[in-house]
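The primary structure of each chain is shown beneath.
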Amino acid sequence: MKKVALYPGSFDPITKGHVDIIKRSSNLFDKLIIGIFKNSTKSKAWFSDEEKVEMIEEILKKENINAEIKIFNGLLVDFMCKEKVNILVRGLRALSDYEYELQFTLTNKTLAKSEFETVFLTASREYLYLSSSLVKEVAQNKGNLSFFVTENVEKRMIERVESFKR
Ligand code: ADP
């Protein structure tokens, strides 16, 4: 059976921690789909769904990573069924991720209409404490973003912070 994997997330914005998981999982499966949870109307996201796709596309191209990007809403398991996904990829950082990730995967297993396995990849040491929300705080305080996000994302974050002031 073809191994079709889905790596879902908010990616607001994509960090080097996400890129690391994407790179590593793109080598493990026949196909990798990066699934962006569609922003809800009341979402406080910094970036639109389209901007997220563009940023991720730029990274895939630059890094020569083979993966598809899709935006989805509704139940994760419905999307998985539609795309014939049989592997869910998640990243595990510190212990604090564990409980949420376990809840996330077990809830989806209960709802699932077809069998799937969850594969947890441990975060690389340098990205262990990296999260999109912290990176946004660093950006708002004009900190150096180059440790946390790729150049294209850094540029867009700086522009976004500037636009908040207008
Ligand atoms: P959400 O906010 O919807 O949980 P995220 O985009 O924050 O989505 O995360 C998507 C997935 O990527 C989750 O499994 C999360 O644990 C993982 N992840 C996030 N940041 C990192 C990181 N620095 N290293 C490894 N995995 C990460």
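What counts and what doesn't
Residues numbered from 1 in each chain as written. Predicted model: local features only at pLDDT ≥ 70, side-chain atom pairs only at ≥ 80, totals over all residues. Heavy atoms only, no water. Buried < 20%, exposed > 50% of the residue type's maximum accessible area, 1.4 Å probe, protein only. Helix = DSSP H or I, 4+ residues; strand = E, 2+ residues; numbered from the N terminus. Pairing = 2+ DSSP bridges. Right-handed = clockwise from strand over helix to strand, strands pointing away. Expected span 1.5 Å × (residues − 1). Contact = heavy atoms within 4.5 Å. UniProt positions renumbered as here; feature names shortened; annotations may be inferred. 1 Å grid on protein atoms, 1.4 Å probe; cavity = no way out; pocket = protein on both sides within 12 Å on 5 of 7 lines; lining within 4 Å. Points joined across faces, edges and corners; volume = space filled by probe spheres on them. Near = heavy atom within 4 Å. Polar contact = N/O pair within 3.5 Å; in protein donor to acceptor, adjacent residues only side chain to side chain. Areas by Shrake-Rupley, 256 points an atom, 1.4 Å probe, with all protein chains shown as cover. Sits in = over half its atoms within 2 Å of the grid points. Nonpolar A, V, L, I, M, F, W, Y, C, P; charged D, E, K, R; others polar.

Participant: I keep staring at the pairing of strand β4 (residues 87–92) and nothing clicks. Help me out?
Facilitator: Along any regular strand, the residues point their side chains to alternate faces of the sheet. Most of β4 sits inside the fold, with six of its six residues counted as buried. Here two bridges tie strand β1 (residues 4–9) to β4, and the two strands are oriented parallel to one another. The residue of β4 that forms the bridge with Leu 6 is Leu 88. Note that β4 and strand β5 (residues 117–122) share six bridges and pair parallel. For Val 89, the partnering residue across the bridge sits in β5 and is Val 119. Since β4 and β5 lie parallel, the crossover through helix α4 (residues 95–111) that links them has a hand, and here it is right-handed.

Participant: How should I be thinking about helix α6 (residues 151–165) in this particular structure?
Facilitator: Spacing of three or four residues puts side chains on the same side of an α-helix, whose turn is 3.6 residues. Along its 15 residues, α6 runs 22 Å from first to last C-alpha, staying within 8% of the 21 Å computed at 1.5 Å per residue. Buried residues in α6 make contact with α2 (49–63) and α5 (132–140).

Participant: Please explain the environment of Pro 13 as it appears in this structure.
Facilitator: Mapped onto the elements of the fold, Pro 13 is located in the loop between β1 and α1 (16–26). Separated by 114 residues in the primary sequence, Pro 13 and Tyr 127 have C-alpha atoms spaced 15 Å apart. When residues no more than four places from it in sequence are discounted, the contact partners of Pro 13 are His 18, Phe 47, Met 55, Ser 132, Lys 136, Val 153 and Met 157.

Participant: It is not clear to me how the UniProt feature "domain: Cytidyltransferase-like" (unreviewed entry) in the chain should be interpreted in this structure. Could you clarify?
Facilitator: UniProt records the feature "domain: Cytidyltransferase-like" (unreviewed entry) at residues 6–137, using the numbering of this structure. A distance of 28 Å separates the end C-alpha atoms of residues 6–137, which is 42% helix and 21% strand.

Participant: I tried to follow the layout of surface pockets on my own but got confused; where do I start?
Facilitator: It is a probe the size of a water molecule, rolled over the atoms, that shows where empty space is left. The calculated volume of the largest pocket comes to roughly 620 Å³. Together, 32 residues line the largest pocket, and Gly 9, Ser 10, His 18, Arg 93 and Ser 132 are the ones closest to its centre. Put simply, the parts of the chain that give the lining of the largest pocket at least two residues each are β1, α1, β4, α4 and α5. It is α4 that provides the largest number of residues to the lining of the largest pocket, a total of four residues.

Participant: Any chance you could explain the site of the ligand here in plain terms?
Facilitator: Close to the ligand lie 17 residues; Tyr 7, Ser 10, His 18, Gly 91 and Tyr 127 are nearest. Within the contact set of the ligand, a nitrogen atom lies 3.2 Å away from a side-chain nitrogen or oxygen of Arg 93. With respect to the ligand, the side chain of Glu 101 contributes an N or O atom lying 3.0 Å from an oxygen atom. Look at the ligand: alone it shows 550 Å² of surface, and the protein chains cover 87% of it. In this structure the site holding the ligand corresponds to the largest pocket. The class makeup of the residues in the shell around the ligand is eight nonpolar, five polar and four charged.

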